[in-house]
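So the chains spell out like this:
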Amino acid sequence: MDSIKTDGLNIGYDEATIVKELNMQIPNGKVTSIIGPNGCGKSTVLKAIGRILKPKKGFVYLNGEEIKTLSTKEIAKKMAILPQTPTAPSGLTVSELVAYGRFPHQSGFGKLTPEDQKIVQWAIDVTKLNGFEHREVDTLSGGQRQRVWIAMALAQQTDLILLDEPTTYLDMAHQLEVLKLLQDLNQKQGCTIAMVLHDLNLAARFSDYMIAIRDGSIISRGTPEEVMKAEVLKKAFSIDAEIVYEPRSKRPVCITYEIWKEKAIS
C-alpha cells in the first residue's frame, strides 16, 4: 500500500489554482523526493498532503484512509511534517523541543510519562544529539537545529515524515549530515520519508523514488535512474542537461547544463 495517495487533487490559494487534478503516490517504506522549478507547486503539494492547506477539490489518503475524516491528533500519530524554516520559542532547550513530539500521545495535563521520557531520549540518541539536551535550540548550528526538529518528529513515533526543503541554508557538509540521517531513519527505523528538494543530485543520491513536477502537474515519476534523464529535466526545468553516473553511489548526476535554447528564444 502507498503511504500517501492523492486522487484528482486541486490545490491553490484564494482564487488561484496552482495544482490541478493531481494523482500522486508516495510509496510506503521508501525515501521520495519531489523536485521541480520554483513556483511549480512542490511545497503546495506537501502542505496539502500534510493537511496544512485544504484542497479545493479531490482527496488525500493516508494509509488508505481519507485524511479529512481523521482528527488532527490521529494524523499526528501517523504523520509528522516539518516546514521549510521551522522556528522554536526563544530559550527552549533541545530536550524540551523534542518532547513536543509526544503531544499527540498525551492526555490530561500533558505531563511526560516515563515512557514518553524514554522515547524522547531515544529520539535524541538516534539523531546523535547526546550532550546537547540542555542547550538552547537557537544557540545551535543550522545542521544541529535540523537534527533537533527531526528528533521531535521521531518522538511522534510516526511511520511517515514529510519535510519541505530540509537542507535549505545549510552548507554542503550539513546537507549531507541531514540527508544521511534521513536515509538511516528509513533504512534502520523503517520510516517513510517524503521531501521537497532543490538539489537534483542530492535528490538522486538519497532517494528511492522521485517525482518531477512542473506547473502543478507531474512530468515524471520513478526511480532516480528513470527521472534523472536529460529529456525529463528539459521538460521540468527547461535546461539542456548532461547526465552521468557517479562512480561511488552509482547514481545519476547532472554534471553541467545550459538553458534550453528553444525555450530561451520563445
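Basis of the calculations
Residues numbered from 1 in each chain as written. Predicted model: local features only at pLDDT ≥ 70, side-chain atom pairs only at ≥ 80, totals over all residues. Heavy atoms only, no water. Domains from an automatic or database assignment. Contact = heavy atoms within 4.5 Å. Buried area = accessible area lost by both parts, 1.4 Å probe. Salt bridge = Lys/Arg side-chain N within 4 Å of Asp/Glu carboxyl O. Polar contact = N/O pair within 3.5 Å; in protein donor to acceptor, adjacent residues only side chain to side chain. Helix = DSSP H or I, 4+ residues; strand = E, 2+ residues; numbered from the N terminus. Nonpolar A, V, L, I, M, F, W, Y, C, P; charged D, E, K, R; others polar. Buried < 20%, exposed > 50% of the residue type's maximum accessible area, 1.4 Å probe, protein only.

The name an unreviewed UniProt entry assigns to the chain is ABC transporter ATP-binding protein, from the organism Candidatus Galacturonatibacter soehngenii.

A.B. asks: I tried to follow the domain arrangement of the chain on my own but got confused; where do I start?
C.D. replies: Many structure descriptions define interface size as the accessible area lost when the parts assemble. If you check the domain split of the chain, you get domain 1 (1-63 + 159-237) and domain 2 (89-157). For domain 1 versus domain 2, the distance between C-alpha centres works out to 25 Å. Opposite the 15 residues of domain 1 that make contact, domain 2 presents 13 residues. When the two sides are added together, the surface that domain 1 and domain 2 hide from each other amounts to roughly 950 Å², 72% of it contributed by carbon and sulfur. At the junction of domain 1 and domain 2, the tally comes to 1 salt bridge. For the pair domain 1 and domain 2, the interface holds 2 residue pairs in polar contact (both at pLDDT 80 or more). When contributions to the side of domain 1 that touches domain 2 are tallied by element, the ones reaching two or more residues are strand 8 (160-164) and helix 6 (172-189). If one sorts the elements of the side of domain 1 that touches domain 2 by residue count, helix 6 sits on top with 7 residues. Across the side of domain 1 that touches domain 2, the residue classes break down as 9 nonpolar, 3 polar and 3 charged.

A.B. asks: Whenever I open this one, the side chain of Thr192 confuses me. Can you help?
C.D. replies: Along the polypeptide, Thr192 turns up in strand 9 (residues 192-196). Taking the relative accessible area as the measure of exposure, Thr192 reaches 0% and is therefore buried. Polar side-chain contacts of Thr192 include one of 3.2 Å to the side chain of Asn28. The residues contacting Thr192, other than those within four sequence positions of it, are Ser3, Ile26, Pro27, Asn28, Gly29, Lys30, Asp159, Leu160 and Ile161.

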